[in-house]
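# Observations on the model geometry
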Amino acid sequence: MPLSTSRRLALLTSASLALLAGCGSSSDSAGGTSTPARVAVVASTNVYGDIVRHIGGDRVDVTSIISDPDQDPHSYEADTQNQLALSKAKVVVENGGGYDDFVDRMLKSGHNDSAAVINAVKVSGRTAPKGGELNEHVWYDFPTVAEVADRIAAALAKADPDGAAAFTKNAAAFKAKLAPLEAKEAQIKKEHGGEGVAITEPVPLYMTEASGLVDKTPPAFSEAVEEGDDVSPRVLQESLALFSGRKVKALVYNEQTSGPQTEKAESAAKAADVPVVPVTETLPKGKDYLGWMTGNVDALASALAK
Ligand SMILES: [Zn+2]
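Just so we're clear, the structure is a prediction, and the values are computed from it rather than from any experiment.

Taken as a whole, this structure holds 7 aromatic pairs when the rule is applied. Pairing Tyr 99 with Trp 139 gives two aromatic rings, centres 5.0 Å apart and planes at 55 degrees, and the pair type is tilted. With Tyr 99 in the loop between strand S3 (91-94) and helix H4 (102-109) and Trp 139 in the loop between helix H5 (120-124) and helix H6 (142-159), this residue pair connects regions lying 40 residues apart in the sequence. The class for Trp 139 is buried, based on a relative accessible area of 2%. Among the aromatic residues, those joined into a cluster by ring pairs are Tyr 48, Tyr 99, Trp 139, Tyr 140, Phe 174, Tyr 289 and Trp 292.

Below you can see the structure in the form of structure tokens.
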């Protein structure tokens, strides 16, 4: 039923009055009921941004710098907008280990020395293996992610003490949902421990290692892919032979750092009937961290069961 013009006018007037009243009370500093400013948080990727959102809820304002699923984060170029966000951040979550060096650089050039900075690689305690390179993809390492969640809760509590109890509670809830993922890895280890897998780039290695699987990929192959370099013909042949010779049970394929040579590996795996498990560096659209990682571990388990 349409409202009469006079009724609509009356509604409009009362709405305007309410608005005016609202303005009046918020400018009254003695009121003290205004909502607190949200904590400004910058995460270098949407992976950490999502975890911060889980823990901070509506008390945080999160900016995730890298979130394009079609872009290789290893070659991301930060811009002035990122610089601005970082200069205002109260809490910063970076990956570290050379993955997102621009974060520290921009904090410095933006003269932000008061932000609490959480560096996931430092939290992990992971270092380069003897003669090898550090695998910086620590967000595939669930014990590290649990520890990062605690550090985030602590940093947010410092910036917003009134939210401390909520942050601690949310971090506990997050970790409770993370624990089953470690249990799934342990189950894979029980059933498939010692079996070989191939990778295109080190992104899934903490997950495959926790699952007891052995990476058979020539290190020169995955390192070249990660750096965006060409793989030598000899190394490529050696890598492709893993599939034709059925030396691996699955290929864990990083879709975000793909190129002609990783595509050759993918075709060789498919031709030899070796299951391909796709993974990414950043959070796919429409997923949260826990849902994404559950999908990754489940896909690995079902590939190995084939
Ligand atoms: Zn990577």
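From this point, the discussion proceeds with the structure in view.
A few words on the sheet that holds strand S1 (residues 39-45). Reading across the sheet, the 4 strands line up as S2-S1-S3-S4 and stay open at both edges, with parallel pairing between neighbours. Because the sheet does not close on itself, it has two edges, and the strands there are strand S2 (60-66) and strand S4 (116-119). When the angles between neighbouring strand axes are averaged without regard to direction, this sheet yields 15 degrees. In terms of strand pairing, S1 meets S3 through 3 bridges, oriented parallel. Bridge assignment links Ala 43 to a residue of S3, and that residue is Val 93. Sitting on the sheet, H6 is in contact with S1, S2, S3 and S4, with an inclination near 180 degrees to S4.

Looking now at the pattern of salt bridges. On inspection of all chains with the given rule, the structure shows 8 salt bridges. A salt bridge links Asp 150 to Lys 175; the nearest nitrogen and oxygen atoms lie 2.9 Å apart. In this pair, Asp 150 sits in helix H6 while Lys 175 sits in helix H7 (residues 164-192), placing the two residues 25 residues apart along the sequence. Taking the relative accessible area as the measure of exposure, Lys 175 reaches 28% and is therefore partly exposed.

It is worth spelling out the pairing of S2 at this point. Most of S2 is tucked away: 5 of the 7 residues are buried. Both S1 and S2 contribute to a ladder of 6 bridges, which runs parallel. Each bridged residue has a counterpart across the sheet, and for Ala 40 the counterpart in S2 is Asp 61. What joins S1 to S2 is helix H2 (residues 46-56), and the crossover it makes is right-handed.

This paragraph deals with the environment of Ala 40. Within the secondary structure layout, Ala 40 lies in strand S1. Once the C-alpha coordinates of Ala 40 and Val 92 are considered, the two residues, 52 residues apart in sequence, prove to be 8.7 Å apart. Excluding residues that lie within four positions of it along the chain, Ala 40 makes contacts with Asp 61, Lys 88, Ala 89, Lys 90 and Val 91.

This part is about the packing of H7 against helix H12 (residues 289-304). For the pair H7 and H12, interaxial distance at closest approach is 10 Å and the crossing angle is 10 degrees. By the angle between their directions, the pair H7 and H12 is classed as roughly parallel. When H7 is examined against H12, the residues Phe 174, Lys 177, Leu 178, Leu 181, Lys 184, Glu 185, Ile 188 and His 192 are found in contact with a partner set consisting of Tyr 289, Leu 290, Met 293, Thr 294, Val 297, Asp 298, Leu 300, Ala 301 and Leu 304. Each residue belonging to the contact of H7 with H12 can be placed in one class, and the counts come to 11 nonpolar, 2 polar and 4 charged.

Before going further, it helps to examine the coordination of the zinc ion. Six octahedral donors at a metal ideally form angles of 90 or 180 degrees, and four tetrahedral donors ideally form angles of 109.5 degrees. The zinc ion binds to the protein through His 74 (NE2), His 137 (NE2), Glu 201 (OE) and Glu 281 (OE), with metal-donor distances spanning 1.9 to 2.0 Å. Taken together, the 4 donor atoms coordinating the zinc ion span angles of 92 to 129 degrees at the metal, a pattern that classifies the geometry as tetrahedral. We note that the donor set of the zinc ion lies within a single chain, spaced as H-x62-H-x63-E-x79-E. In this pair, His 137 is assigned in the loop between H5 and H6 and Glu 201 in the loop between strand S5 (196-199) and helix H8 (205-210), connecting sequence segments 64 residues apart. On the accessibility criterion, His 137 (0% relative accessible area) is buried. The exposure class assigned to Glu 201 is buried, which follows from its relative accessible area of 0%.

All right, on to the sheet that holds strand S6 (residues 214-215) then. Read from one edge of the open sheet, 4 strands run S6-S5-S7-S8, paired in parallel fashion. The two strands at the open ends of the sheet, each matched to only one other strand, are S6 and strand S8 (276-279). Note that strand S7 (residues 250-254) and S8 share 4 bridges and pair parallel. Bridge pairing in S8 links Val 252 to Val 277.

A contiguous patch of negative charge on the surface is contributed by Glu 133, Glu 227, Asp 229 and Asp 230. Its location among the elements puts Asp 230 in the loop between helix H9 (219-227) and helix H10 (233-244). When its relative accessible area of 70% is taken as the criterion, Asp 230 is described as exposed.

This next bit is on the layout of surface pockets. In this structure, the largest pocket encloses a volume near 350 Å³. Pro 129, Glu 133, Asn 135, Pro 202 and Leu 205 are the residues nearest the centre of the largest pocket, which is lined by 20 residues in total. For the lining of the largest pocket, the secondary structure elements donating two or more residues are H8 and H9. Considering every element that reaches the lining of the largest pocket, the biggest residue donor is H9, with 4 residues. The residue makeup of the lining of the largest pocket, split by class, is 7 nonpolar, 6 polar and 7 charged. Both domains that meet at the lining of the largest pocket, namely domain 1 (39-178) and domain 2 (193-304), each give it at least three residues.

The rules behind each value
Residues numbered from 1 in each chain as written. Predicted model: local features only at pLDDT ≥ 70, side-chain atom pairs only at ≥ 80, totals over all residues. Heavy atoms only, no water. Phe/Tyr/Trp six-rings, centres within 6.5 Å; stacked < 30°, edge-to-face > 60°. Helix = DSSP H or I, 4+ residues; strand = E, 2+ residues; numbered from the N terminus. Buried < 20%, exposed > 50% of the residue type's maximum accessible area, 1.4 Å probe, protein only. Pairing = 2+ DSSP bridges. Axes fitted to C-alpha atoms, helices over the stretch in contact; angles between N-to-C directions. Contact = heavy atoms within 4.5 Å. Salt bridge = Lys/Arg side-chain N within 4 Å of Asp/Glu carboxyl O. Right-handed = clockwise from strand over helix to strand, strands pointing away. Parallel < 35°, antiparallel > 145°, perpendicular 65-115°, else oblique. Nonpolar A, V, L, I, M, F, W, Y, C, P; charged D, E, K, R; others polar. Donors = N, O, S within 2.8 Å, 3.2 Å for Na, K, Ca; no water. Tetrahedral: all angles 85-135°; square planar, octahedral: opposite > 155°, others 65-115°. Patch = residues over 30% accessible without salt bridge, like charges linked within 9 Å, V, L, I, M, F, W, Y side chains within 5 Å. Areas by Shrake-Rupley, 256 points an atom, 1.4 Å probe, with all protein chains shown as cover. Lys, Arg positive; Asp, Glu negative; His and termini not counted. Charge placed at Lys NZ, Arg CZ, Asp CG, Glu CD. 1 Å grid on protein atoms, 1.4 Å probe; cavity = no way out; pocket = protein on both sides within 12 Å on 5 of 7 lines; lining within 4 Å. Points joined across faces, edges and corners; volume = space filled by probe spheres on them. Domains from an automatic or database assignment.

Interpretation note: all reported values are geometric properties and have no functional meaning in isolation.
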